[in-house]
Amino acid sequence: MNHSAIAPELAQAKADGLHNIGEAAQLSGVSAKMIRHYEGIGLIPAAHRSVAGYRLYSDSDLHRLRFVKRSRSLGFSIKQIETLLGLWDNRSRESAEVKRMALDHAAELAAKIREMQTMQRTLEELARRCHGDDRPECPILEDLAQKHRG
């Protein structure tokens, strides 16, 4: 590949405020792999392409990537993020819908926390009953081998 042919184009792209995927990843905190994935599933728009085929991202794209990253860090699903992005893009939206989504998600998280605390207590109780020595008897394995309602 002739890099001298690419350099002016990349210089022009930078002058136009565009970023290659590595810069976009660094500036947004989203890995290049995830940027390609989000683009592939339509969560972010298809990147502009250089003549050489390199992906180029605008500051607006970076802002959208940061929105997705923050949403993921709060545990929203991809489907929920699609809805949130639609609401974010819709300047005539009602904030009540966004608030409802946030509260619904918080309730789902609370339920998952309760489930995980139950699992934690069960494991701690099983571990308490296990001698943890050189004997083969193990209440933990015995419990795992039993049929449980699930």
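Refer to the preceding data block for the structure.
A brief structural summary.

Conventions and cut-offs
Residues numbered from 1 in each chain as written. Predicted model: local features only at pLDDT ≥ 70, side-chain atom pairs only at ≥ 80, totals over all residues. Heavy atoms only, no water. Phe/Tyr/Trp six-rings, centres within 6.5 Å; stacked < 30°, edge-to-face > 60°. Helix = DSSP H or I, 4+ residues; strand = E, 2+ residues; numbered from the N terminus. Buried < 20%, exposed > 50% of the residue type's maximum accessible area, 1.4 Å probe, protein only. Contact = heavy atoms within 4.5 Å. Polar contact = N/O pair within 3.5 Å; in protein donor to acceptor, adjacent residues only side chain to side chain. Expected span 1.5 Å × (residues − 1). Arc of directions from axis to C-beta. Salt bridge = Lys/Arg side-chain N within 4 Å of Asp/Glu carboxyl O. Core = buried A, V, L, I, M, F, W, Y, C linked by side-chain atoms within 4.5 Å. Pairing = 2+ DSSP bridges. Axes fitted to C-alpha atoms, helices over the stretch in contact; angles between N-to-C directions.

### A look at the packing of aromatic side chains
Taken as a whole, this structure holds one aromatic pair when the rule is applied. Judged by centre distance (4.5 Å) and plane angle (15°), the rings of Phe 67 and Trp 88 are stacked. You can see Phe 67 sitting in helix 4 (residues 59–73) and its partner Trp 88 sitting in helix 5 (residues 78–89), a full 21 residues away along the chain. By relative accessible area, which is 22% here, Phe 67 ends up partly exposed. Among the residues examined, Trp 88 registers a relative accessible area of 24% and is labelled partly exposed.

### Focus: the environment of His 105
Its place among the elements puts His 105 in helix 6 (residues 95–129). Looking at His 105, the relative accessible area reads 4%, which means it is buried. Considered as a pair, His 105 and Gly 75 are 30 residues apart in the sequence and their alpha carbons are 8.2 Å apart. Ignoring sequence-local partners within four residues, the contact set of His 105 consists of Leu 74, Gly 75, Phe 76 and Gln 80. From its side chain, His 105 meets the backbone oxygen of Gly 75 in a polar contact 3.3 Å long.

### Regarding helix 6
Its 35 residues give helix 6 an end-to-end C-alpha distance of 51 Å, which sits within 8% of 51 Å, the value for a rise of 1.5 Å per residue. Looking only at helix 6, the buried set comprises Met 101, His 105 and Leu 126. Looking at the packing, one finds that the buried side of helix 6 touches helix 5 and helix 7 (139–145).

### What to know about helix 5
Note on helix geometry: an α-helix contains 3.6 residues per turn, so any two residues three or four positions apart are oriented the same way. Taking 1.5 Å of rise per residue, twelve residues should cover 16 Å, and helix 5 covers 16 Å from first to last C-alpha, within 8% of that figure. When we look at burial in helix 5, the residues that qualify are Gln 80, Ile 81, Leu 84, Leu 85 and Leu 87. Around the axis of helix 5, the buried residues are gathered within 160° of arc, so they sit on the same side. At its buried positions, helix 5 is contacted by helix 4 and helix 6.

### Notes on the pattern of salt bridges
Across all of its chains, the model carries six salt bridges by this definition. With its nearest N and O atoms 3.7 Å apart, the salt bridge here joins Lys 79 to Glu 82. With Lys 79 and Glu 82 both in helix 5 and three residues apart, this pair spans about one turn of that helix. With its nearest N and O atoms 2.5 Å apart, the salt bridge here joins Glu 125 to Arg 128. Of the two residues, Glu 125 and Arg 128 both sit in helix 6, three residues apart, roughly one turn of that helix. Since its relative accessible area comes to 59%, Arg 128 is described here as exposed.

### Considerations on the nonpolar core
Ranked by internal contacts, the top residues of the largest apolar core, which has 19 residues, are Ile 35, Tyr 38, Tyr 57 and Leu 65. Filtering out sequence-adjacent residues up to four positions away, Ile 35 remains in contact with Ile 21, Ala 24, Ala 25, Ser 28, Val 30, Ile 44, Tyr 57 and Leu 65.

### Focus on the sheet that holds strand 3 (residues 55–57)
Pairing within the open sheet is antiparallel, and its three strands lie in the order 1-3-2. Both edges of this open sheet fall to strand 1 (19–20) and strand 2 (48–49), since each of them pairs with a single strand only. Pairing of strand 1 with strand 3, which is carried by two bridges, proceeds in the antiparallel orientation. Bridged to His 19 within strand 3 is Tyr 57. Helix 4 contacts strand 1, strand 2 and strand 3 of the sheet and is inclined by roughly 85° relative to strand 3.

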